[in-house]
Amino acid sequence: MRVFFFFYGLSYREFVLTLCQFPQVNNFSFQLFINNEWQDAVSKKTFASINPSTGEVICQVAEADKADVDKAVKAARDAFKLGSPWRRMDASDRGLLLNRLADRIEKDTAYLAELETLDNGKPYAVAYSVDVPMVVKCLRYYAGWADKWEGKTIPVDGDFFCYTRHEPVGVCGQIIPWNFPLLMQAWKLGPALATGNTVVMKVAEQTPLSALYVAHLIKEVGFPAGVVNIVPGFGPTAGAAIASHMDVDKVAFTGSTEVGQLIQQAAGSSNLKKTTLELGGKSPNIILSDADMEEAVEMSHFALFFNQGQCCCAGSRTFVQEDIYNEFVERSVERTKKRVVGDPFNLSTEQGPQVDEEQFQKILGYISTGKREGAKLMCGGGVAADRGYFIQPTVFGDVKDNMTIAREEIFGPVMQILKFKTLEEVIERANDTKYGLAAAVFTKDIDKAHYVSGALRAGTVWINCYDVFGAQAPFGGYKASGVGRELGEYGLDSYTEVKTVTIKVPQKNS
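Fair warning: this is a prediction, and the values are worked out from it, not measured in the lab. (Residues numbered from 1 in each chain as written. Predicted model: local features only at pLDDT ≥ 70, side-chain atom pairs only at ≥ 80, totals over all residues. Heavy atoms only, no water.)

A few points about the side chain of Ser-49
Within the secondary structure layout, Ser-49 lies in strand E3 (residues 46-51). Under the relative-accessibility criterion, Ser-49 is labelled buried at 0%. There is a polar contact of 2.4 Å between the side chain of Ser-49 and the side chain of Asp-119. Dropping the residues within four chain positions of it, Ser-49 is found in contact with Glu-56, Val-57, Ile-58, Cys-59, Val-61, Asp-119, Gln-206, Pro-208 and Leu-209. (Helix = DSSP H or I, 4+ residues; strand = E, 2+ residues; numbered from the N terminus. Buried < 20%, exposed > 50% of the residue type's maximum accessible area, 1.4 Å probe, protein only. Polar contact = N/O pair within 3.5 Å; in protein donor to acceptor, adjacent residues only side chain to side chain. Contact = heavy atoms within 4.5 Å.)

Some words on the nonpolar core
In this structure, Leu-101, Ile-105, Leu-193, Phe-223 and Phe-328 are the most contacted members of the largest nonpolar core, which totals 104 residues. At twelve residues, helix H6 (residues 124-145) tops the list of elements feeding residues into this core. What Leu-193 contacts, discounting residues up to four positions off in sequence, is Trp-86, Arg-94, Leu-98, Val-199, Phe-223, Val-227 and Val-228. (Core = buried A, V, L, I, M, F, W, Y, C linked by side-chain atoms within 4.5 Å.)

A look at the sheet that holds strand E14 (residues 376-379)
Here we have seven strands laid out as an open sheet, ordered E14-E15-E16-E13-E12-E17-E18, and mixed in their pairing. Single-partner strands in this sheet number two, and they are E14 and strand E18 (460-463). If you compare each strand with its neighbour and ignore which way they point, the axes differ by 25 degrees on average. Looking at chain direction, strand E12 (residues 284-287) and strand E17 (residues 438-442) are connected through three bridges and run parallel. Bridge pairing in E17 links Ile-286 to Val-441. Packed onto the sheet, helix H11 (residues 293-305) meets E12, strand E13 (317-321), strand E15 (394-397), strand E16 (414-420) and E17 and runs at close to 130 degrees relative to E16. (Pairing = 2+ DSSP bridges. Axes fitted to C-alpha atoms, helices over the stretch in contact; angles between N-to-C directions.)

What to know about the confidence of the model for the protein
Residues with a pLDDT of 70 or more make up 95% of the protein, whose mean pLDDT is 95. Scored below 50 in pLDDT, residues 20-27 makes 14 contacts in the model with residues more than four places away or belonging to other chains. (pLDDT = per-residue confidence, 0-100.)

Looking at the side chain of Asn-285
The topology assignment puts Asn-285 in strand E12. Judged by its relative accessible area of 0%, Asn-285 is buried. Apart from residues lying up to four places away in sequence, Asn-285 is in contact with Ser-300, Gly-315, Arg-317, Thr-318, Phe-319, Ala-440, Phe-442 and Tyr-466.

A look at the layout of surface pockets
Here the second largest pocket is characterised by a volume of approximately 400 Å³. If you trace the second largest pocket, you find 18 residues lining it, with Arg-94, Arg-165, His-166, Glu-167 and Pro-168 closest to the centre. Looking at the lining of the second largest pocket, the elements with two or more residues in it are helix H3 (85-88), helix H4 (91-107) and strand E6 (160-168). Looking at the lining of the second largest pocket element by element, the count peaks at five residues for E6. Of the residues in the lining of the second largest pocket, the class split is six nonpolar, five polar and seven charged. (1 Å grid on protein atoms, 1.4 Å probe; cavity = no way out; pocket = protein on both sides within 12 Å on 5 of 7 lines; lining within 4 Å. Points joined across faces, edges and corners; volume = space filled by probe spheres on them. Nonpolar A, V, L, I, M, F, W, Y, C, P; charged D, E, K, R; others polar.)

Re the packing of aromatic side chains
Within the structure shown, the criterion is met by 18 aromatic pairs. Taking the centre distance of 5.0 Å and the plane angle of 80 degrees together, the rings of Tyr-141 and Tyr-142 count as edge-to-face. Pair check on accessibility: Tyr-141 and Tyr-142 agree, each one buried. One aromatic cluster in this structure is built from Trp-187, Trp-462, Tyr-466, Phe-469 and Phe-475. Residue placement shows Lys-250 over the ring face of Tyr-495; its charged tip is 4.6 Å from the ring centre. (Phe/Tyr/Trp six-rings, centres within 6.5 Å; stacked < 30°, edge-to-face > 60°. Lys NZ or Arg CZ within 6 Å of the ring centre and 35° of its normal.)

See below:
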């Protein structure tokens, strides 16, 4: 019989005690998942998973390091050998397994959303209605691609028959972040498995629980041993071991630009493995004077504060045309003051805690820097609770381009509003950043919208909306915001080797 621990009706303490009394719920464990088996770390080390709402320990999780990564890579390599069950499996059956996984995740939506909220701090209402459904859609999308990723026949000159094969890259190392644990896991697993690769995934040390539960489901639905291996651990040990491993063929990483640079260096200096990197951003959100004011205020609020501000593509530089600037600031402050911060399991809560103490202190440091450098604090700016990692929703006005809060990625609930005069000016200022992940423009003028979207150096541009994602549409950055694209058909490319095969034939006819 399936066991669920619904939070409703339980106190936090009761929920955690219940969870930890069952270290193996239907084979769900806090160990490493290697070769379809739950294992302790070679070192026997563990680390604490912390509830950011309270700062209390939820449970201890096995801590992977290089020795464990070596074991996981060997399992993945064995699963990728010629003649293995995975390599012999029909592409349509790979798609079937992905669909089965999506079905099981959908069935356990409530439980997975609870784990995500407990471990990450995001509001349960968001985890249940946004994160988990998007995971399901992503896996189903790539399930559909499994038997449609086709090569070509090519009419080369001479008596030859030429065709291409789309082949899997091999063993893929995947390193995912803590801000969207379930969703980033799906973004990585979907295209990798649809194209026939095997995976060694390091999940973030802040948020390992939901990924480990999905590992249990991966085994349950029938993926062969070694196809997916999940190793919780820390970046400098487990993450570095994956990036530099000589038997890993590709590494995919989502996280900060600084760590992405280290991973690219390690990939290049080891075996020149393929890399895809989805990195940081300082995305411009441009409000033209003809925009629908009410809609622009609400969408700009959402663009910055969604997920506690912990989005790589957050609209963290809000540029507002000068003739509507004062009204926009006034309305934005009014909206921000109404934002509900608190217990993420309360369905009325809009904003939960930041993910951990480190992020909490970092964000408060940026708020202090903003005040010191002359930005005008319009609201918020402090701690929002007597325990946990809650920060007041914060708005700064009169922000200048050279201020630290306008240059660096804060990754928290801190809105910066800047004033501009002309279209040409704001385009130049918007592009004056090392990042290029996303951008947005709000206007009723379609000609201006197309002009601005074409001029901005960003991988995604939203017009009169923000944070609109679909598994069908690619996502990735320009400049220091990354390498390659995830999602959509484009997301299959980096998990594929294209092989050209040319055959001598007696006579070629058209």
